[in-house]
Amino acid sequence: TVQTEPFDKLSLSDERLAALGFFGLPKDWAWLCGDLCYAVAKSLRPGFQKYVLIESDVFLAERSLTDFVTTVVGHKAEAIAARLGPSDRVKRYSKDLANFGLDPKWGFIFPISVVTPRVVDAMIELRQEQLRLVPDARLNDEAVLAGAVLKNVFSYARLEDLLPEYFGTKTFDTNPPHLFEALQENLEEYRIFHPVVPFELV
């Protein structure tokens, strides 16, 4: 229902996802299954070499935009995201990867991710397999993308390694939130932030 003119908009709906072969989605799929954004994007906008997902609570400083785009588009890795790969503990929404013979310590944080069409296809396959074989599994978008990379041995890179000056843990994490108005007013800011909330929401 959000108006985005003059920019393009691709909408997700139960009907559109069913047409792509996603059945039995959980009630909170719009929160849990961000990987479906990639499935819809590839189906409606085929032929791209890379697909980029940036969540709405990310602050991209204008000064960093050119470096960010040039780096992620030009890099040879098939998947790029912050902290992508194995960690030292099982992640809450990755534990069900074990049902598919995959390491539940794999994950990343989802606010910005970049993938090739082959990775999108692998995510679709894993999500559909989960819905069909283990419908009660609580795999989130991070688990599905990480699982697809692990299962198919795709090359991957971490944003904090490619652009350490923009993706530090003090600015790009899952908490605490940063205030949008303060970032917007700082014309010298060059880092990329997550999560970012407006004062009205606070």
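Residues numbered from 1 in each chain as written. Predicted model: local features only at pLDDT ≥ 70, side-chain atom pairs only at ≥ 80, totals over all residues. Heavy atoms only, no water.

Novice: I'd like a description of the packing of aromatic side chains, backed by residues and values.
Specialist: To describe a pair of aromatic rings, you give the distance between the ring centres and the angle between the ring planes. Within this structure, the stated rule accounts for 9 aromatic pairs. Summarising the aromatic geometry, the rings of Phe59 and Phe180 are spaced 6.3 Å apart at their centres and angled 65 degrees between planes, so their arrangement reads as edge-to-face. With Phe59 in strand 2 (residues 59–60) and Phe180 in helix 8 (residues 180–185), this pair connects stretches of sequence that are 121 residues apart. Residue Phe59 is classed as buried on the basis of its relative accessible area, which comes to 13%. For Phe180, a relative accessible area of 29% puts it in the partly exposed group. An aromatic cluster is present here, built from Phe59, Phe180 and Phe193 joined pairwise through their rings. (Phe/Tyr/Trp six-rings, centres within 6.5 Å; stacked < 30°, edge-to-face > 60°. Helix = DSSP H or I, 4+ residues; strand = E, 2+ residues; numbered from the N terminus. Buried < 20%, exposed > 50% of the residue type's maximum accessible area, 1.4 Å probe, protein only.)

Novice: Talk me through the nonpolar core; I want residue IDs and the actual numbers.
Specialist: Formed by 39 residues in total, the largest nonpolar core has its most connected members in Phe22, Leu25, Tyr38, Val115, Met123 and Leu145. Secondary-structure elements contributing two or more residues to this core are helix 2 (29–32), helix 3 (35–44), strand 1 (51–54), strand 3 (79–86), strand 4 (106–115), helix 5 (117–133) and helix 6 (141–152). For Tyr38, the residues in contact, after removing those within four places along its chain, are Tyr51, Val52, Leu53, Phe110, Ser113, Val114, Val115, Val120, Met123 and Leu145. Core analysis: the next-biggest nonpolar cluster, separate from the first, contains 16 residues, Ile80, Leu159, Tyr166 and Phe167 among them. (Core = buried A, V, L, I, M, F, W, Y, C linked by side-chain atoms within 4.5 Å. Contact = heavy atoms within 4.5 Å.)

Novice: Give me the side chain of Lys50: which residues, what numbers.
Specialist: Mapping Lys50 onto the fold places it in the loop between helix 3 and strand 1. Glu78 provides the closest opposite charge to the buried, unpaired Lys50, separated from it by 8.8 Å. Engagement of the side chain of Lys50 in a polar contact is seen with the backbone oxygen of Val72, the distance being 2.9 Å. At 2.3 Å, the side chain of Lys50 and the backbone oxygen of His75 are in polar contact. Ignoring sequence-local partners within four residues, the contact set of Lys50 consists of Val72, Val73, His75, Lys76, Ala77, Ile80, Val114, Val115 and Thr116. (Lys, Arg positive; Asp, Glu negative; His and termini not counted. Salt bridge = Lys/Arg side-chain N within 4 Å of Asp/Glu carboxyl O. Polar contact = N/O pair within 3.5 Å; in protein donor to acceptor, adjacent residues only side chain to side chain.)

Novice: Before we move on, can you summarise the packing of helix 3 against helix 5 with the specific residues and values?
Specialist: Direction vectors running N to C along helix 3 and helix 5 enclose 120 degrees, while the axes themselves pass 9 Å from each other. Here helix 3 is positioned oblique relative to helix 5, judged by the angle of their axes. The element helix 3 and its partner helix 5 pack so that their crossing is left-handed. Residues Asp35, Leu36, Tyr38, Ala39 and Lys42 of helix 3 form the contact with helix 5, whose own contacting residues are Pro117, Val120, Asp121, Met123, Ile124 and Arg127. Residue composition of the contact of helix 3 with helix 5, by class: 7 nonpolar, no polar and 4 charged. (Axes fitted to C-alpha atoms, helices over the stretch in contact; angles between N-to-C directions. Parallel < 35°, antiparallel > 145°, perpendicular 65-115°, else oblique. Left-handed = near helix turned anticlockwise from the far one by under 90°. Nonpolar A, V, L, I, M, F, W, Y, C, P; charged D, E, K, R; others polar.)

Novice: Explain helix 3 residue by residue, including any values.
Specialist: It helps to recall that an α-helix has 3.6 residues per turn; residues three or four apart then point in one direction. Within the span of helix 3, buried status applies to Asp35, Leu36, Tyr38, Ala39, Val40 and Ala41. Elements in contact with the buried residues of helix 3: helix 1 (14–19), helix 2, strand 1, strand 4, helix 5 and helix 6.

Novice: Got a sec to walk through the sheet that holds strand 1? Specific residues and values, please.
Specialist: Strands sit in the order 1-4-3-5 across an open sheet of 4 strands; the sheet is mixed. What marks the edges here is a single partner per strand, and that holds for strand 1 and strand 5 (156–158). Across this sheet, the average inter-strand angle for adjacent strands is 55 degrees, counted without regard to direction. Here 6 bridges tie strand 3 to strand 4, and the two strands are oriented antiparallel to one another. Residue pairing in the sheet places Gly85 in a bridge with Gly107 of strand 4. (Pairing = 2+ DSSP bridges.)

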